[in-house]
Amino acid sequence: MAFCILCSHKTVSACRGELDVLECTNDDCGHISLDTEKFVYPYADKDYYDHIEKSDIVPDKPFISRRVKVITDITANKGRLAELGCGLGETAINFQRQHFEVWGVEESRNAISFLKENYPEVNWQCNNITDFLKEYREFDVITLFHVLEHVLNPKEIVGLIKERLTPGGLVLIEVPDVHGGLARLKGNKWEFWLPHHVQYFSRISLSRLMESFGFNLVYSQNMYHLGYPQGRLCRDVIHGTLANIGLNSILRTVWKNQQ
Ligand SMILES: [Zn+2]
């Protein structure tokens, strides 16, 4: 028998999309995950970013600027910020341009060597986020855009974030929302049932996880898709409105480290 990675209640097996998943039977959690004991990362021997052009990196595109504004609307403290799982670094670069002192952490060697050469103003780290969080000092803000659904042990990551955040510090977590309207509507055809997505959070299971470490929710937004807004007024208004009435695929949250 397998137990829930978040709350330790027993789980039942189910099939979602083309994946075999474990669903927590605790109504106050209901977390869904792949079986982490059997999980093998499907693209382990390949660098995700095998070819990068300078034109691939556009730090001021609307959805990147919107990510940064979420934080600057909450706090005037432009201190030390870690962008975990930073990919091609656009969000980290945008934060740096807004005068944060930024660390960008990414496992892809290709991405980090390209970024070090072209954007040396950010502290780029080729590392996995667990080792980074164990090694580094305190941060005022930590951001995880589409990272927590990939990790084997989200409790360990959130515990390390708790240790690294200053009192009153902020952590932004954006994940696919398994209880979102689009997941319910599309069922097994939901595009976020993916073999490299290990964890499937809902507002309930994410809140349970974060509150258990003493984080308070200070911001939350339902989003239609992860690239919202795109700077196309008509489409952005439609997608924003649909997400606001519950037809969302993505959940964006900001949590404050209780003092
Ligand atoms: Zn559970």
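Above this text sits the structure in question.
Asks: Explanation requested: the sheet that holds strand S1 (residues 11–16) in the structure shown.
Replies: As a general point, the strands of a sheet are linked pairwise by backbone hydrogen bonds and lie either parallel or antiparallel. If you walk across this open sheet you meet the four strands as S1-S2-S3-S9, and the pairing is antiparallel. At either margin of the open sheet sits one strand with a lone partner, and together these are S1 and strand S9 (199–200). Looking at chain direction, strand S3 (residues 32–33) and S9 are connected through two bridges and run antiparallel. In the strand pairing of S9, Ile32 is matched with Tyr200.

Asks: Can you walk me through the pairing of strand S2 (residues 19–24) in this structure?
Replies: Two faces, one strand: in a regular strand the side chains alternate between the faces of the sheet. Inspection of the sheet shows S1 paired to S2 by six bridges, in the antiparallel sense. Within S2, the position partnered with Ser13 by the bridge is Leu22. Hairpin connection between S1 and S2: a loop of two residues separates the two successive antiparallel strands, and Gly17 in this loop has a positive phi of roughly 60°. One ladder, built from two bridges, connects S2 with S3; its direction is antiparallel. Within S3, the residue paired with Leu22 across the bridge is Ser33.

Asks: When you look at the environment of Tyr119 in this model, what are you seeing that I'm missing?
Replies: Along the chain, Tyr119 turns up in the loop between helix H3 (109–118) and strand S6 (123–126). Spatially, the C-alpha atoms of Tyr119 and Ile93 are 7.6 Å apart, while their sequence positions differ by 26 residues. With residues near it in sequence (within four places) discarded, Tyr119 still touches Gly89 and Ile93.

Asks: What exactly am I supposed to notice about the pairing of strand S4 (residues 80–84) here?
Replies: Judged by how many residues are buried, S4 sits mostly within the fold: five of five residues are covered. Burial of S4 is two-sided: the residues Arg80, Ala82 and Leu84 facing one way and the residues Leu81 and Glu83 facing the other way are all buried. Here five bridges tie S4 to strand S5 (residues 101–106), and the two strands are oriented parallel to one another. Its bridge partner being in S5, Leu84 is matched across the sheet by Val105. Pairing of S4 with strand S7 (residues 139–145), which is carried by three bridges, proceeds in the parallel orientation. If you follow Leu81 over to S7, its bridge partner there is Val141.

Reading the values: the criteria
Residues numbered from 1 in each chain as written. Predicted model: local features only at pLDDT ≥ 70, side-chain atom pairs only at ≥ 80, totals over all residues. Pairing = 2+ DSSP bridges. Helix = DSSP H or I, 4+ residues; strand = E, 2+ residues; numbered from the N terminus. Contact = placed C-beta atoms within 7 Å. Buried ≥ 20, exposed ≤ 12 C-beta atoms within 10 Å, placed from the backbone.

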